[in-house]
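Here's the letter readout for the chains.
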Amino acid sequence: MRIGIPRALYYYNYSPFWIRFWETLGCEVVLSSESSKSIMDWGVAHAVDGTCLPVKVYYGHVYDLVTKNVDYIFVPQLISVWKKEYICPKFMGLPDMVRWNIPNAPPILAPVIDGRKSGYQIFCAYIDLGRKFAPLYKVLQAYRNGLQAQHQFEESLAQGVPLPTLLQGEKCQASNTPRLKLGLLGHEYLIYDKMISMGVFHYLQAHNCQVLTSEQIKTSIIFQHSSKLPKRMFWTSGRQILGAAGHLCNQVDGLISLVAFGCGTDSLTTDLVQRYSRRQDIPHLLLSLDEHTGEAGLITRLEAFIDMLERRILSEIDSSAHGE
Amino acid sequence: MKLTVPHMGNSYIALEALLLEMGHEVVVPPASTKKTLNLGTKYSPESACLPLKINIGNFLEAIELGAEGIIMAGGSGPCRFGYYAQVQREILKDLGHEAEVIVLEPPNENFAQLRLQIQRLFALKGMRSFWRGLQLAWEKIQAVEELESVAHYTRPREIVTGNTSHLLANSLAQLRKASSVLDIRRTLQINRDAMLEMAINETKPLRIGIVGEIYTVLEPFVNLDLEERLGHLGVEVNRTVNLVEWIRDHLVLSSLRLYKNDHLRKLAHGYLRGFVGGHGLESVAHTVMLAQQKFDGVIHILPFTCMPEIVAQSVLRHVSADYHIPILSLVVDEHTGETGFQTRLEAFVDLIGQKTEASLNVEAK
Ligand code: SF4
Ligand code: SF4
């Protein structure tokens, strides 16, 4: 049995679990190819206008799997992965959107993952799903193995291993003597999709900057900061981004937000990040990404931002020297 | 403290009554105009959805008129509305305004806070006036929506184009002034009869249903007077979204945890599995319902990048194909121009007119 998993959206968050789960069940996991121009173009052409870029790219990945002859495509309906929180309306509609917009797709496996009340529902959803393919004891084992893989993944992240290294075995050279420390905020599926983000993460690392991201921060610390908001943030990604911004703002030279064109949640959370950083006088750069964003323009803006930060540091050293 | 509320269709008529009854001074923002939009767009995040921007425009114009407190609703997600007030508060703060944003969160989000806010609101005149206010407001909103739906019926049947709209505007002004339940009911009856009397044109108009994001559907400035335009093109409109239902389902029943969306899920079955925030599920379910009721067409209207409605739009084209019902999706934002809008409406009405004629011919044969 060949199960296709699109290499997009929450692949970047939960693929260790998913892959191990399916493999323990005795299925062969087929990942879609890495994002490419043609994958993006396919998605852009087949999605309704105004769909956010990551969902368009997701369509492209599903289509890529269609051409790879899989028996099923795994498109979970991720309503919630955290108590009382949501991910985004589009995740709730994703299986239906995929089913109706990708022609000739094989059957879709779309368990309802709804952890708003408790994690027990999530457990049941995976067990029900697995039961279609294997006996109960095997499914339980698959679930346990999956969790184990996921825990390992999250622990390594917390220890600072970069996500691309963990998922794709890519080498990411972090410099020992970085010239700048930067917080990079955004959905994992933006930051680590080199096609969508045009390799911003890798660019920064290659240019001798230390890049701090939210998935490396302990959940308790994220909550500690997000709970200072006047109102509970009900999007998991929003809570992650705002919490990380609160935690990072005192330890970095500047913050960079990556935002996908058409993203509903980012339009509000990033606006708040921008306002809070302005009030605290922390340099903030907003990079909006769409299918027309040119790499050259993006790099120019990054360079300018880095230059500005370096000048700022120099002048601070200067003025404090004179101040004494 | 002088209070204000954002515009959403004619809801201000009811909200004003409620607040006045509770002893507050009320500043109703001037009806939304191009100026409101410009103000809102200038100070809101560019990629925010349109309603947030118009709200900001309303608030700024109300503050100019002396408003000191802004009443907004809250929410628990998944769509953006639940966080609107939070962002709006920061926008106003950064602009240096001191107006307080009073957010009424749903009871299951933050019951203690809700109780506190409501207590504050009826501190002036007490509980009794609160109930009386609620009663008045409920009567008014029902009357408003009844008159609006009468207008949907009479517009394509009026002899002199524009009469209905004129009468409707007058009767809404009267309703706004009405100060007792009796008064409201009398106003309703007189005006309803007057409107129906004009509808003597014996035509069989095309019937179009409107579905979509609630604010856009209800706010004529944002939907460029969609209902009126259609009416004047000779179309009888059925607006599937209304406040009376919304208040009943989402404010009352769902606070009591009694609201069930099974009927909607049943209608949308096969297209959408369930709730996707906002009115996404309603849009799909109501389109199916309209198709089953043999409507001639459906207009789906949404603000650019509206999350729940994009999900709906992504499956609606297939509802259209399966049920052979034409659907026009209208996406609005601050750049939507009147001319293009009117042209698209006319083309759509023409198209379904021809289609209906063709099918009538087939039947006749
Ligand atoms: S969170 Fe934003 S980018 Fe992600 S699916 Fe939702 S709207 Fe799209
Ligand atoms: S329903 Fe659409 S327009 Fe309204 S707040 Fe939600 S995303 Fe914005």
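Definitions and limits used
Sequence order sets the numbering: in each chain, residues are counted from 1 along the sequence as written. Each chain is given a letter, starting from A, and each ligand a number, starting from 1, according to the order in which they appear as written. A pLDDT threshold of at least 70 governs which residues receive local features in this predicted model, and a stricter bar of 80 or more applies before side-chain atom pairs are shown or counted, although totals over entire chains, interfaces and linings include all residues. Side-chain measures here rest on the full set of heavy atoms in the structure, leaving out hydrogens and waters. The contact rule is simple, with two residues in contact once any of their heavy atoms fall within 4.5 Å. As used here, buried area is the combined drop in accessible area, with a 1.4 Å probe, of two parts when they are placed together. A pairing counts as a salt bridge when a side-chain nitrogen of Lys or Arg comes within 4 Å of a carboxyl oxygen of Asp or Glu. A run of DSSP states H or I qualifies as a helix once it reaches four residues; a run of E qualifies as a strand once it reaches two. Both are numbered from the N-terminal end. Residue polarity is assigned by list, with Asp, Glu, Lys and Arg as charged and Ala, Val, Leu, Ile, Met, Phe, Trp, Tyr, Cys and Pro as nonpolar; anything else, Gly included, falls into the polar class. Every axis in this analysis is a line fitted to C-alpha atoms, fitted for helices over the stretch in contact. Angles between the N-to-C directions lie between 0 and 180 degrees. The cut-offs work like this: below 35 degrees is roughly parallel, past 145 is roughly antiparallel, 65 to 115 is roughly perpendicular, and the gaps in between are oblique. Here a crossing is called left-handed whenever its near helix is offset anticlockwise from the far helix by less than a right angle, and right-handed whenever the offset is clockwise. Residue-level confidence of the predictor, termed pLDDT, takes values from 0 up to 100. Any two strands with at least two DSSP-identified bridges between them are counted as paired.

*Asks:* How do you make sense of the interface of chain B and chain A when you look at a structure like this?
*Replies:* In many reports, interface size means the accessible area that the parts give up when they come together. Each partner contributes residues to the interface: chain B has 43 residues there, and chain A has 42 residues. When chain B packs against chain A, the two sides together hide about 3600 Å² of surface, and 60% of this comes from carbon and sulfur. Linking chain B with chain A are 5 salt bridges. Arginine 279 of chain A is the partner of glutamate 90 of chain B in a salt bridge, and the nearest nitrogen-oxygen pair spans 2.7 Å. Mapped by element, the contributors of at least two residues to the side of chain B that touches chain A are helix H4 (81–94) and helix H14 (307–323) of chain B. Taken together, the residues of the side of chain B that touches chain A sort by class into 20 nonpolar, 13 polar and 10 charged.

*Asks:* Hey, could you run me through the packing of helix H13 (residues 264–279) of chain A against H4 of chain B in this one?
*Replies:* Angle between the axes and distance between the axes: these two values describe a pair of packed helices. Viewed as axis vectors pointing N to C, H13 of chain A and H4 of chain B meet at an angle of 30 degrees, and their least axial separation amounts to 10 Å. With respect to their mutual orientation, H13 of chain A and H4 of chain B come out roughly parallel. Viewed along their axes, H13 of chain A and H4 of chain B form a crossing whose handedness is left-handed. Between H13 of chain A, through Leu268, Asp271, Leu272, Arg275, Tyr276, Arg278 and Arg279 of chain A, and H4 of chain B, the contact on the second element is made entirely by Tyr83, Tyr84, Gln86, Val87, Glu90, Ile91, Lys93 and Asp94 of chain B. When grouped by side-chain class, the residues that make up the contact of H13 of chain A with H4 of chain B number 7 nonpolar, 1 polar and 7 charged.

*Asks:* Looking at this structure, how should I read the confidence of the model for chain B?
*Replies:* Predicted coordinates in regions of low pLDDT should not be interpreted in detail. Residues of chain B with pLDDT of at least 70 account for 99%, and the chain-wide mean is 94. For this predicted complex, the interface confidence reaches an ipTM of 0.95, while the overall pTM sits at 0.95.

*Asks:* Please clarify how the sheet that holds strand S7 (residues 180–185) of chain A should be interpreted in this entry.
*Replies:* Each strand in a sheet pairs with another by means of backbone hydrogen bonds, the pair being arranged parallel or else antiparallel. Residues and elements named next belong to chain A. Spatial strand order, S8-S7-S9-S10: 4 strands in an open sheet with parallel pairing. A single partner strand is all that each edge strand has here, and the edge strands are strand S8 (209–213) and strand S10 (284–289). The sheet shows a mean angle of 25 degrees between the axes of neighbouring strands, taken without regard to direction. The sheet contact formed by S7 and S8 spans 5 bridges and is parallel. Bridge assignment links leucine 180 to a residue of S8, and that residue is cysteine 209. Lying on the sheet, helix H12 (residues 236–248) is in contact with S7, S8 and strand S9 (254–260); it crosses S7 at an angle near 165 degrees.

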